[in-house]
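Each chain, letter by letter, is given below.
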Amino acid sequence: MFLPAFDLQGKTALVTGAGRGIGRALAIGLAEAGADVILLSRTREQLEEVASIIREIGRQAYVLTCDVTKREDVARAVQEAKEAAGGIDVLINNAGMNIRTPALEVTDADWQTIMDTNLKSAFMLSQEVGALMKEQGRGGSIISITSVAGQVALRTGVVYAATKAALIQMTKVLAFEWGKYNINVNAIGPWYFKTPLTEKLLQDEAYVQDILSVTPLKRIGELPELVGPVVFLASDAASYVTGQTLFVDGGMTIHGF
Ligand SMILES: NC(=O)c1ccc[n+]([C@@H]2O[C@H](COP(=O)([O-])OP(=O)(O)OC[C@H]3O[C@@H](n4cnc5c(N)ncnc54)[C@H](OP(=O)(O)O)[C@@H]3O)[C@@H](O)[C@H]2O)c1
C-alpha cells in the first residue's frame, strides 16, 4: 500500500446507525479500507444488507440491533461486540435524527427524543467503548458525526443544533481526559448529504438553491466524500490528531457575507 498508515487492516470498527445513509456509507468505506465492522441500529434487515456487502469485500461484519438511547441496550451491544469481534478499535457515533420545528413549537417530548438520540447515545457509547478501549490497552479512535448546525446558526432546528454543538465540546473534553489511554477523540461536521434524513428537503429546488448560495463548492456532498475524512481519523495517519472537528461542508462554515 502506498500510504500504510491509512490501512485499517487488523482494526475493528463499530458504527451506529449503519443501516442507511451516512452510517451505511461509512461502514462500507471502513471495510474497503481494511476494517472489520460491527453494524448497529434498530432495523436488522438494513444491517444485514450492509453486512452482506462488507462480507463480499472480504471483511468480517457483525450485526447487532440496539436502541442507542437505552443504556441497557448499549451496554449489552458493546459486550456482545466485544465477545463476537474480540474487541473494538474504532467507534463511529453516527446514529441521529431531527425534528424540524420552530423553537416556539418544540415540545418536551421532541426535546427529549432529539437529545437522547443525538447526544446521550453518543456519550453512552463513548463511555462503554472508552472503558473497553482502556481495558484493551491498545488505544483507539472515537469519531462522532456532528453537523455544521453545531457550529453556525441555521434557520431552525434549535434542539438539533444544541445536540450537535454539545458533541463538538464533548469531543474536546473526552480527547483531553482519554489522551493518556492513547484514545483519540474527533468529530466530523457534514453539511448537506443526500440520505433518507434529508431526501425530502433536497427535493425542494428553491431550498437547494439557498443551500448552494452559501456553499463555496456549489454542490451538495456525495456520501463517498465523507469516507476519506473518517478513514483518516480512524487510522494511524491521524495518531497525533485529537479533540478536533473536521467540517466536510464544501466550505459552508468558513465564510461571512
Ligand atoms: N444527511 C446529512 O446531510 C447530515 C448532515 C449533517 C449531519 N448529519 C448527521 O449524520 C448522522 C446520520 O444521518 P443520516 O442522514 O445518515 O440519517 P438517516 O439516513 O436517517 O440514518 C440514521 C441512522 O441512525 C439510526 N438511528 C436513529 N435512531 C436510532 C436509535 N434510537 N437507535 C439506533 N439507531 C438509530 C437509524 O437506524 P434505525 O432507525 O433503523 O434504528 C439509521 O441507521 C446523524 O447524526 C445526522 O445528524 C447528517
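Being a predicted model, the structure only gives us computed values, none of them experimental.

S.K.: Before we go on, may I ask you to explain the packing of aromatic side chains in this structure?
M.R.: Centre-to-centre distance and the angle between the planes together describe a pair of aromatic rings. This model, assessed by the stated rule, comprises 3 aromatic pairs. A centroid spacing of 6.1 Å and a plane angle of 35° characterise the contact between Phe6 and Phe232, whose relative ring orientation is tilted. Of this pair, Phe6 sits in the segment before strand 1 (12-16) while Phe232 sits in helix 7 (residues 224-234); the two residues are 226 residues apart in sequence, bridging distant segments of the chain. The exposure class of Phe6 is partly exposed, given its relative accessible area of 29%. Under the relative-accessibility criterion, Phe232 is labelled partly exposed at 24%. Considering the side-chain rings of Tyr192 and Tyr207, the 5.9 Å spacing of their centres and the 85° angle between planes classify their relative orientation as edge-to-face. Pair noted here: Tyr192 is in the loop between strand 6 (183-190) and helix 6 (205-213) and Tyr207 is in helix 6, with a separation of 15 residues, a long-range link. Owing to a relative accessible area of 9%, Tyr192 belongs among the buried residues under this scheme. Looking at Tyr207, the relative accessible area reads 22%, which means it is partly exposed. Aromatic ring contacts, followed pair by pair, group Trp191, Tyr192 and Tyr207 into a single cluster.

S.K.: Sorry, what's going on with the site of the ligand here?
M.R.: Residues in close proximity to the ligand total 29 residues, the closest being Ile22, Arg42, Thr43, Tyr160 and Thr195. Contact between the ligand and Arg42: an oxygen atom at 2.7 Å from a side-chain N or O atom of the residue. Asn94 is positioned such that a nitrogen or oxygen atom in its backbone is 2.8 Å from an oxygen atom of the ligand. Summarising the interface, the protein chains cover 95% of the accessible area of the ligand, which totals 880 Å² for the free molecule. Listed by contribution, the elements that provide at least two residues to the shell around the ligand are helix 1 (21-32) and helix 5 (158-178). By residue class, the composition of the shell around the ligand is 12 nonpolar, 13 polar and 4 charged.

S.K.: Any chance you could explain empty space enclosed by the protein here in plain terms?
M.R.: The rolling of a water-molecule-sized probe over the atoms marks out the regions of remaining empty space. One pass over the structure, following the stated rule, counts 1 cavity of 30 Å³ or more. Roughly 30 Å³ of volume is contained in the largest cavity. Forming the walls of the largest cavity are Thr16, Val68, Asn93, Asn94, Ala95, Ser121, Ala122 and Leu125.

S.K.: Would you mind showing me how to read the packing of helix 1 against helix 2 (residues 44-57) here?
M.R.: Two numbers describe a pair of packed helices, the interaxial angle and the distance between the axes. One way to put it is that helix 1 packs onto helix 2 with a least axis distance of 9 Å and a crossing angle of 15°. When the axis of helix 1 is compared with that of helix 2, the two are roughly parallel. Along this stretch, helix 1 crosses helix 2, giving a crossing that reads as right-handed. In contact with Arg24, Ala27, Ile28, Ala31 and Glu32 of helix 1, helix 2 contributes Glu49, Val50, Ile53, Ile54 and Ile57. Among the residues forming the contact of helix 1 with helix 2, the class breakdown is 7 nonpolar, no polar and 3 charged.

S.K.: Explain unusual backbone geometry here, please?
M.R.: Note on backbone geometry: most residues besides glycine have negative phi, and most peptide bonds are trans. At Asn182, a residue that is not glycine, the phi angle is positive and equals roughly 65°. Looking at the element boundaries, Asn182 is found in the loop between helix 5 and strand 6. Of note, Lys218 is a non-glycine position whose phi angle comes to about 60°, a positive value. Inspection of the secondary structure assignment puts Lys218 in the loop between helix 6 and helix 7.

S.K.: Explanation requested: helix 1 in the structure shown.
M.R.: Each α-helix winds once per 3.6 residues, and so residues spaced three or four apart point in a common direction. An ideal rise of 1.5 Å per residue puts 16 Å on 12 residues; helix 1 measures up with 17 Å between its terminal C-alpha atoms. Most of helix 1 is tucked away, with 10 of its 12 residues classed as buried. What helix 1 keeps buried is the set Gly21, Ile22, Gly23, Ala25, Leu26, Ala27, Ile28, Gly29, Leu30 and Ala31. Positive phi shows up at Gly34, right after helix 1, with a value of about 115°.

S.K.: Any chance you could explain the pattern of salt bridges here in plain terms?
M.R.: Note on pairing: side chains with opposite charge can pair once their charged atoms come close. Counted under the stated rule, the structure contains 11 salt bridges. Residue Asp236 is joined to Lys11 by a salt bridge in which the shortest nitrogen-to-oxygen separation is 3.0 Å. Taken together, the residues span a long stretch of sequence, with Asp236 in the loop between helix 7 and strand 7 (245-248) and Lys11 in the segment before strand 1 at a distance of 225 residues. Of the charged contacts in the structure, one is a salt bridge between Glu48 and Arg44, with a shortest N-O distance of 3.1 Å. Residue Glu48 and its partner Arg44 are located together in helix 2, separated by 4 residues, close to a single helical turn. The partly exposed category is assigned to Glu48, whose relative accessible area is 32%.

Rules and cut-offs
- Residues numbered from 1 in each chain as written.
- Predicted model: local features only at pLDDT ≥ 70, side-chain atom pairs only at ≥ 80, totals over all residues.
- Heavy atoms only, no water.
- Phe/Tyr/Trp six-rings, centres within 6.5 Å; stacked < 30°, edge-to-face > 60°.
- Helix = DSSP H or I, 4+ residues; strand = E, 2+ residues; numbered from the N terminus.
- Buried < 20%, exposed > 50% of the residue type's maximum accessible area, 1.4 Å probe, protein only.
- Near = heavy atom within 4 Å.
- Polar contact = N/O pair within 3.5 Å; in protein donor to acceptor, adjacent residues only side chain to side chain.
- Areas by Shrake-Rupley, 256 points an atom, 1.4 Å probe, with all protein chains shown as cover.
- Nonpolar A, V, L, I, M, F, W, Y, C, P; charged D, E, K, R; others polar.
- 1 Å grid on protein atoms, 1.4 Å probe; cavity = no way out; pocket = protein on both sides within 12 Å on 5 of 7 lines; lining within 4 Å.
- Points joined across faces, edges and corners; volume = space filled by probe spheres on them.
- Axes fitted to C-alpha atoms, helices over the stretch in contact; angles between N-to-C directions.
- Parallel < 35°, antiparallel > 145°, perpendicular 65-115°, else oblique.
- Left-handed = near helix turned anticlockwise from the far one by under 90°.
- Contact = heavy atoms within 4.5 Å.
- Expected span 1.5 Å × (residues − 1).
- Salt bridge = Lys/Arg side-chain N within 4 Å of Asp/Glu carboxyl O.

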